[in-house]
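Tertiary structure, described
Residues per chain, in single letters:
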Amino acid sequence: LGLDHARTQVKLARHFMARKEWKKAQPYADAAARTYAAWALFCAAECADGMKDWKKANAYYRAVSSRYRNMADRWYYWCCRTGQGDRKDAKEVVLKRFAELGPKYTSDQSARLGACSMLAGEPDAALVHFGKAFKLAPNPIYALHLMLVAEELKKPDVRKRTVSVIDDIAIRFPTISAQSMINI
């Protein structure tokens with residue numbers, strides 16, 4: 001059967017979760033999670049979260065972040081969002097996973113580190129990470145994050161340079177102009 005059975009369990013769990021029938025969803029979500037497939041672990045984590053079973057949700061998010069390197073930050077985001085779980089350990093997992101990558105992060109990884117830095121109350125580090133993400137892939141989403149952090153840090157020069165780059169690439173993103181981003 002492979003993971004087909006778990007996929008069906010996740011569908012059933014999500015059906016009940018959409019209706020906020022957490023107790024009905026739980027056995028399906030927990031059974032699917034035993035496969036340790038990321039999507040099944042997320043389903044079980046979300047179900048436990050919905051039930052406010054913080055210990056179980058923490059364990060599932062920890063499992064995802066520990067097992068899947070590209071999802072190391074999900075546990076930390078959950079801890080920050082809910083105020084539950086072991087935030088310190090979750091942050092350490094994120095930092096460890098990204099350190100294993102070395103200095104050559106992708107734009108997405110840099111942006112995710114920027115988000116983690118903001119959640120940790122480290123806007124200076126966030127500025128560096130969002131700046132690197134924007135340099136690697138100058139798109140409006142990274143620009144927006146970079147400009148918001150620069151604004152918080154009172155660094156108008158960073159904001160102006162970012163707008164200038166966006167002006168230069170506006171042809172690539174015709175639905176978003178630099179002027180509309182300035183007005184945010």
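Presented here is an overview of the structure given in this document. (Residues numbered from 1 in each chain as written. Predicted model: local features only at pLDDT ≥ 70, side-chain atom pairs only at ≥ 80, totals over all residues. Heavy atoms only, no water.)

What follows deals with helix H5 (residues 73–82). Of all the 10 residues making up H5, 7 are buried; the element is thus mostly covered by neighbouring parts of the structure. Every buried residue belonging to H5 is among Asp73, Trp75, Tyr76, Trp78, Cys79, Cys80 and Thr82, and all of these are buried. Looking one or two residues beyond H5, the residue adopting positive phi is Gly83, at roughly 75°. (Buried < 20%, exposed > 50% of the residue type's maximum accessible area, 1.4 Å probe, protein only. Helix = DSSP H or I, 4+ residues; strand = E, 2+ residues; numbered from the N terminus.)

Let's shift gears to unusual backbone geometry. You will see that Tyr36, though not glycine, has its phi angle at about 65°, which is positive. Located in the positive-phi region is Lys154, a residue other than glycine, with phi close to 55°. Counting through the fold element by element, Lys154 comes out in the loop between helix H9 (140–152) and helix H10 (156–168). The class of Lys154 is exposed, set by a relative accessible area of 71%.

For the structure shown, the criterion picks out 16 salt bridges. Residue Glu46 is joined to Arg14 by a salt bridge in which the shortest nitrogen-to-oxygen separation is 2.6 Å. With Glu46 in helix H3 (residues 38–50) and Arg14 in helix H1 (residues 4–18), this residue pair connects regions lying 32 residues apart in the sequence. By relative accessible area, which is 30% here, Glu46 ends up partly exposed. (Salt bridge = Lys/Arg side-chain N within 4 Å of Asp/Glu carboxyl O.)

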